[in-house]
Each structure stands twice: as structure tokens, then as C-alpha cells.
Amino acid sequence: MANTKKDIRALTKEQLRAFFEKQGDKAFRGNQVYEWLWQKAAYSFDDMTNISKETRQMLEDNFVINNIKVDTMQRSSDGTVKNAVRLHDGLVVESVLIPTPTRTTACVSSQVGCSLDCRFCATARLKRMRNLNPDEIYDQVVAIDNESRLYHDRPLSNIVFMGMGEPLMNYNNVIKAIDKITSDEGLGMSPKRITLSTSGVPKMIKKMADDEVKFNLAVSLHSAVDEVRTKIMPFNETFPLNDLREALEYWYAKTKRRITYEYVVWDGINDAQRDIDAFVKFCKYVPCKVNIIEYNPIDDGEFQQASNQALENYISGLEKHNIVVNVRRSRGKDIDAACGQLANKN
């Protein structure tokens, strides 16, 4: 028989307080439970040690905590940790801990599968099964924070929404998760240490600006030539570069925060001089910085890492126009640990 109990983490603090009052208990009991659920990330009512056994049993009778479980965890020789995360309904997503000497970053998923159809991406080969709930996103961060403390002796410092799924296609739940992550009643992380990476959904980028979000925005661009971008990211036909450009200009006008462009250079696809010139031009519309990302091939097909010379041509072309550019080398190659948007397929 299916479990019909409500997930207690779907309740707001006010709803929890009201529940306890309805049970003839004091409202502040709801505050205590809320703290256990979020700040202390309790996954069992038995863990709530400052609450009576009778009250814990009453919670057990009425509610469930649908927490994630790290199904398998792989550790790379470079310190990268890859989690296969099992959700309460048996579906699996991935999250990755990426360490550097100065920080540890959680790369988290927002959907099971993906709504979009980027041809170079392993996740796009999986049909979108469903959106992740806010608590499922939150749990990924808690798990990686624990791993960061265990293996790197420091708390998690940064979060990127660059795992499985398109976060702007699960906007409400992603925003609720970030609100919890940044709240003093949650993990208390600074929104400045969180980056949402999108393939580019213009309407939702504008909505983020209107909602005055405080986190950072990255765009997986990969080409500033419409026909090339449509070939590798077919949804570009629906959301063409002019619309994306307009949305990014709107974002900057509202937030005054520069954008990060994530960009992979592929052999024979976007490694010509016209590609570089178009990208440089696109970068001038809005203050930005560029991360050129090393690609993990998902098979032996057409998407292969471009030559070092092609990368150097991009770097020099961008730097000549005073555009900040970094090269992000792939991490955790021995465990196949790229973030979801660029991941190998197991």
C-alpha cells in the first residue's frame, strides 16, 4: 500500500505551528520541529531529542520525511566526490562535490532528467521524469556539506545549479530551495556564493530580475551564432540569441550583476574565427566573465574537445577585448564526475 502520509517538510513554519495548536499543544513546538527539519537536517522524528516521545510518535503517525539517500558515492584521486542520489520514489539524480585549495563547491541537480534537448549533454538523453522538490535540492547540499567537512575539513563554500536539469524550468522549487539554503533558519549560506546556471530561458531570466534574486547567473552559451547554437542546442530556435541578449540586458539593468558565460569549444563545431568574433561581440552587450570548460565526451560521436590551439585563439580573442576568461579543467575524470549538463553517460 502506498504511503499516503504528507511529507512534513512541505509545511511552512506557520502551518506547523497551527498543526500543534490543533493538537492541543503549544505553537512553539512547531518552531522546534521546523528547526530540526531544516537547520539540523533531521531525517527521523526520533532524532528530535528535545521533543517528548509521545509527540514524536504523533508526528510519526501523521507525517513522513522523504529525505534523499546517497546511493553510491565515488571519490576521485583529485578529491572530487560524485553522489548518485536516490529519491523517495526510487528515481536517481547526481550531485558532485568539487574541491579546490580555497573552496568546496556543490554541483546540484534540479530535475530528474531534463526538459531541454542539448545534443552534447548526457542528461538530455534522459527524458524529464519530474521536477525536484525544494527539500530534495536542499538535501543534496546538506549531503555535500557533510562530505566537505569529512573529506576536506571545511564546510561547503559555494553552490552551482549545474547538475541534471534546467533550473529555470523548475523555477518555483529552485527558488524555495535557495531561500531555505540562505535562510538563518536553514543553512545560512550567502546568496553571493550561489550560481544558477541556465541554458537560457529569456522569460525566466527576466522574472529572476523582477524577483530581485541575490544569487549569481551563469548562462551555458556555447555559441553566439544562431544557426550553430540551434544545431547543438535545438531549443535555441524557440529562444533565439536576440531574445536571450535582451533578457540578459534586462537582468543587468535590474541587478547590476555581471553574467558568467559557460562555454565549451568543440572540434569542427564552434572553433572557427567567426565563432570567436561572434562570441566577443555577444560578450560586449552586458558586463560578463567567461569560463571555457573542458569537455567530457559522452561517446565517440561528433562532440569532441577542440584543440589547444582553438582554446588559445578564444582566450586571446577575448582578452584582447578585456573580457575576463578562465579555463575550467575537468575534475574527477577517474570517476566520471562532470556536472550533469556536461556529464559523461554511465
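In this text the structure is predicted, and so the values were computed from the model without any measurement. (Residues numbered from 1 in each chain as written. Predicted model: local features only at pLDDT ≥ 70, side-chain atom pairs only at ≥ 80, totals over all residues. Heavy atoms only, no water.)

Some details on the packing of aromatic side chains
For any two aromatic rings, the description comes down to two numbers: the centre-to-centre distance and the angle of the planes. Test applied: Here the aromatic set is Phe, Tyr and Trp, taking the six-membered ring for Trp, and pairing holds for ring centres within 6.5 Å; pairs whose planes are under 30 degrees apart are stacked, those over 60 apart are edge-to-face, and all others are tilted. By the criteria applied, helices consist of DSSP H or I runs no shorter than four residues and strands consist of E runs no shorter than two, each listed in order from the N terminus. Whether a charge sits over a ring depends on NZ of Lys or CZ of Arg being within 6 Å of the ring centre and within 35 degrees of the ring normal.
Within the structure shown, the criterion is met by 13 aromatic pairs. Seen in terms of ring centroids, Tyr263 and Tyr314 are 5.1 Å apart; in terms of plane orientation they differ by 50°. Their pairing is tilted. Remark: Tyr314 occurs in helix 10 (residues 308–319) and Tyr263 occurs in strand 12 (residues 259–263); sequence separation between them is 51 residues. Ring geometry for Phe282 against Tyr285: centres 5.6 Å apart, planes inclined by 80°, an arrangement best described as edge-to-face. Through successive ring pairs, a cluster of aromatic residues spans Tyr261, Tyr263, Phe279, Phe282, Tyr285 and Tyr314. Sitting over the face of the ring of Tyr151, Arg75 holds its NZ or CZ atom 3.8 Å from the ring centroid. Lying across the ring of Trp38, Lys180 places its NZ or CZ 4.7 Å from the centre.

Here's the deal with the side chain of Asp145
What counts is decided by this rule: Accessibility here uses a 1.4 Å probe with only protein chains present; expressed as a share of the type maximum, an area under 20% marks a residue as buried, one over 50% as exposed, and anything in between as partly exposed. For this analysis, residues touch if any pair of their heavy atoms sits within 4.5 Å.
Within the secondary structure layout, Asp145 lies in helix 4 (residues 134–152). Assessed through its relative accessible area of 14%, Asp145 is described here as buried. Setting aside residues up to four positions removed in sequence, Asp145 forms contacts with Pro155 and Leu156.

As for the confidence of the model for the chain
Note the following rule: Confidence per residue, as judged by the predictor, is encoded in pLDDT with a range of 0 to 100.
In the predicted model, the chain carries a mean pLDDT of 91, and the fraction of residues at 70 or more is 92%. Note on residues 341–346: pLDDT is under 50 here. Beyond four places in sequence and across chains, it has 30 contacts.

A look at the sheet that holds strand 11 (residues 216–220)
Just so we agree on the cut-off: Strand pairing follows a simple DSSP-based rule, namely that at least 2 bridges must link the two strands. Helix axes use the C-alpha atoms of the stretch in contact, all axes being lines fitted to C-alpha atoms, and the angles between their N-to-C directions lie in the range 0 to 180 degrees.
Ordered by their spatial adjacency, 10 strands build an open sheet running 3-4-5-6-9-10-11-12-13-14, and the pairing between neighbours is mixed. Two strands close off the open sheet at either side, each with one partner strand: strand 3 (69–75) and strand 14 (324–328). Ignoring which end each strand starts from, the neighbouring axes of this sheet average 20° apart. Strand contacts of helix 4: strand 3, strand 4 (81–86), strand 5 (92–99), strand 6 (104–107) and strand 9 (158–161), with the helix running at about 35° to strand 5, the strand carrying the most contacts.

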